[in-house]
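The primary structure of each chain is shown beneath.
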Amino acid sequence: MAKKNLDEDLLSGGSINAGSEKKAKKSSSKGTKNAGVKIPVKTKKIIQSVVCIVIVLALLVTYVATGAVRKGFIASLSLPAQTLTGMTVSNGENKIRIKVSTYNFYFASTYNNMQSQKQTYEQYGLDLGQFGLDVDFNEKLSKQTYTDSETNEEMTWEKHMHDLVLESIESTYTFYLAAVAANNGEEPEITDEQKEEINSTLSQYRETAEKYGYTLSGYLVRAMGKGVTESVFRRETTRQYIASNYKTQLGEDLAEKEYTAEDINKYKDENLDALQSVDIKIFECDNADQAKEFADKLAADGSNFADLCVEYSTADFDKKAYAEDTYSTIVGATKSSLQSRGFAIGTADAHEHEEGEEHSDDEELTYSGLDWLFSTDRAAGDIYNYSTSVVYVISPVSLSDRNTINVRHILIAPELDEDVTDVKQATDAQWNAAYDKAREILDSWDGTEDGFAQLAKDNSSDGSASTGGLYSDVVTGQMVNPFSNWCFDSSRQTGDTGIVRTEYGYHIMYFAGANDQTIWQYTAQQALASEDTTSATEQLEEEYTLKEHWFGSRYFEKDVDISN
């Protein structure tokens, strides 16, 4: 599994940007003070449009080591699985025959991935039925029923899992074939990093296989099914990377497409409500009674907002952080940013369903908190208490003329004790040491942007270190508050530097400059690119179809997870 980067944590969410996966990364909702575990209301598809590099790759080691592998697999290479065609994916011009072993590989991926998801959801005490995960992996899939929440169709879990596998294979091979066709019929190369990921994973598997007396291929067959040898594993993961790379590149190419002013303005007119923003101070109390008390004590000019944040904070870090206005201030907050960051004011109003009726993604919900905040009746100085949220309006709703910006930074996180994982629990001495280090690094800077970039590569603990700490086309509400507020200070000039403290450490900042596009124009362009990417993706998916072969399908391992 790829290591989670701290740059993902810095992103506070809220942009309605879409477009390529690279661009979409900016609108992650991870890392905000108020963001909890984000799990969708309903999971339509367990397997995404392109399976991102087969299951959780490291899971197989755990499963074999603990004896929790799918039971009943015969540890043989199985000639039929390696030679028989199980299905064909084609668009009329490009065609590929897919062996039974590939199906077994994807079935194991789907099965193990679903097991992992179920375990995660169980840890949070969620209703598994609501997420389509109410399956018992200790019973035969063919003996359990699944009801599709959209069509209300009832089927066995064996059939449901089979449908998911075919869907995943069809999607992956659609983009794989498109990638080959775009590369003059030759299979494109994957990146060196991706090759290393495959080699590293197989090396890990080989060590475990030898520990339990297997060859590597025998181990993979044991864990993933007949015919899934080392060469099959390598081939399928490589093709998944190729498919994923092509799909990502498709989105990135469209994200760079230039749209006319007419296109941008038309999008604005049709989506004005989503593009408008407010500047606010906001605090999330522990309960509604505290929030009411907070609002009642709040001065008309908001001058004691920071003091009240300190008073109503419980954690030591928060008490110190909220002493600065920048920690509770959000510039350019959109409706979607407040929703994605988990503020109570961004939650839907309470509503009920008829008995047996489930929430649907297209259900129209009301948001009275957001309606109040984004009303044209609002004025600077308005105060509002909604559930546990307290809001003070700095600037009422408008279509902001702020431009996107580029910024570099170097993250210096406090060095924690071995038994401490949360930076917010660092001691004063550890925070002071981090600041001293940040100050020393900034003092050593040669005054050039290239010099700052090199310092970021050499010193930053953030995932952006490899690119010299650069974030491009940053929008308001994207980064955690202190970081964002420094960037969008009205006095900010190209070349400005500073040191900003957040819940991740000290950030040595370098303002690389503002861009030509306003935030709403950039957001509109990214949304249009996203729409075009979706259209291009859907067109490809319509062109390619999967045909299952009757004879080969007799050898699919669909319900062999139970040995009795």
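Please read these numbers as outputs of a predicted model, since none were measured by experiment.

**Brief notes about the overall build of the protein**
Then, in step 1: Within the protein, the regular secondary structure consists of 21 helices and 13 strands.
Then, in step 2: When each of the 564 residues of the protein is scored for burial, the buried share is 50%.
Then, in step 3: A fraction of 72% describes how many contacts in the protein between residues 6 or more apart in sequence connect residues 24 or more apart.

**Considerations on the nonpolar core**
Most often, soluble globular proteins have nonpolar side chains that are buried together.
Then, in step 1: Counting 54 residues, the largest nonpolar core has Tyr103, Met114, Ile169, Tyr173 and Tyr176 as the members making the most contacts within it.
Then, in step 2: Ignoring sequence-local partners within four residues, the contact set of Ile169 consists of Met87, Ile98, Tyr103, Tyr106 and Leu546.
Then, in step 3: Formed by 32 residues, the second largest nonpolar core is a distinct cluster that contains Tyr312, Leu442, Trp445 and Ile508.

**Things to note about the pairing of strand E5 (residues 277–284)**
Then, in step 1: With eight of eight residues buried, E5 is to be regarded as a mostly interior element.
Then, in step 2: Alternating residues of E5 divide into Ser277, Asp279, Lys281 and Phe283 and Val278, Ile280, Ile282 and Glu284, and every residue in both groups is buried.
Then, in step 3: Of the strand pairs in this sheet, E5 and strand E8 (residues 389–398) are connected by seven bridges, and their pairing is antiparallel. Considered in E8, the bridge of Ile282 is made with Val391.
Then, in step 4: By the bridge criterion, three bridges tie E5 to strand E6 (residues 329–333) in an arrangement that is antiparallel. Residue pairing for E6: Lys281 is matched across the bridge by Thr329.

**Points about helix H8 (residues 216–224)**
Two residues of an α-helix separated by three or four positions point the same way, owing to the 3.6 residues in each turn.
Then, in step 1: With eight of nine residues buried, H8 lies mostly within the body of the structure.
Then, in step 2: Taken together, the buried positions of H8 are occupied by Leu216, Ser217, Gly218, Tyr219, Leu220, Val221, Ala223 and Met224.
Then, in step 3: Gly225 occupies a position one or two residues after H8 and carries a positive phi of about 120°.

**Some words on the sheet that holds strand E13 (residues 545–548)**
Then, in step 1: One open sheet holds the three strands; their spatial order is E2-E1-E13, and the pairing between them is antiparallel. This sheet does not close on itself; its edge strands, each paired only once, are strand E2 (95–99) and E13. The mean inter-strand angle of the sheet, taken between neighbouring strand axes irrespective of direction, is 25°.
Then, in step 2: Taken together, the five bridges between strand E1 (residues 85–90) and E2 define a ladder with antiparallel strand orientation. Counted as the bridge partner of Thr88 is Arg97 from E2.

**Considering the confidence of the model for the protein**
Then, in step 1: When pLDDT is averaged along the protein, the result is 84, and 83% of the positions lie at 70 or above.
Then, in step 2: This model gives residues 1–77 a pLDDT under 50, and the stretch forms 247 contacts once residues within four places in sequence are excluded.

So, how was this worked out
Residues numbered from 1 in each chain as written. Predicted model: local features only at pLDDT ≥ 70, side-chain atom pairs only at ≥ 80, totals over all residues. Heavy atoms only, no water. Helix = DSSP H or I, 4+ residues; strand = E, 2+ residues; numbered from the N terminus. Buried < 20%, exposed > 50% of the residue type's maximum accessible area, 1.4 Å probe, protein only. Contact = heavy atoms within 4.5 Å. Core = buried A, V, L, I, M, F, W, Y, C linked by side-chain atoms within 4.5 Å. Pairing = 2+ DSSP bridges. Axes fitted to C-alpha atoms, helices over the stretch in contact; angles between N-to-C directions. pLDDT = per-residue confidence, 0-100.

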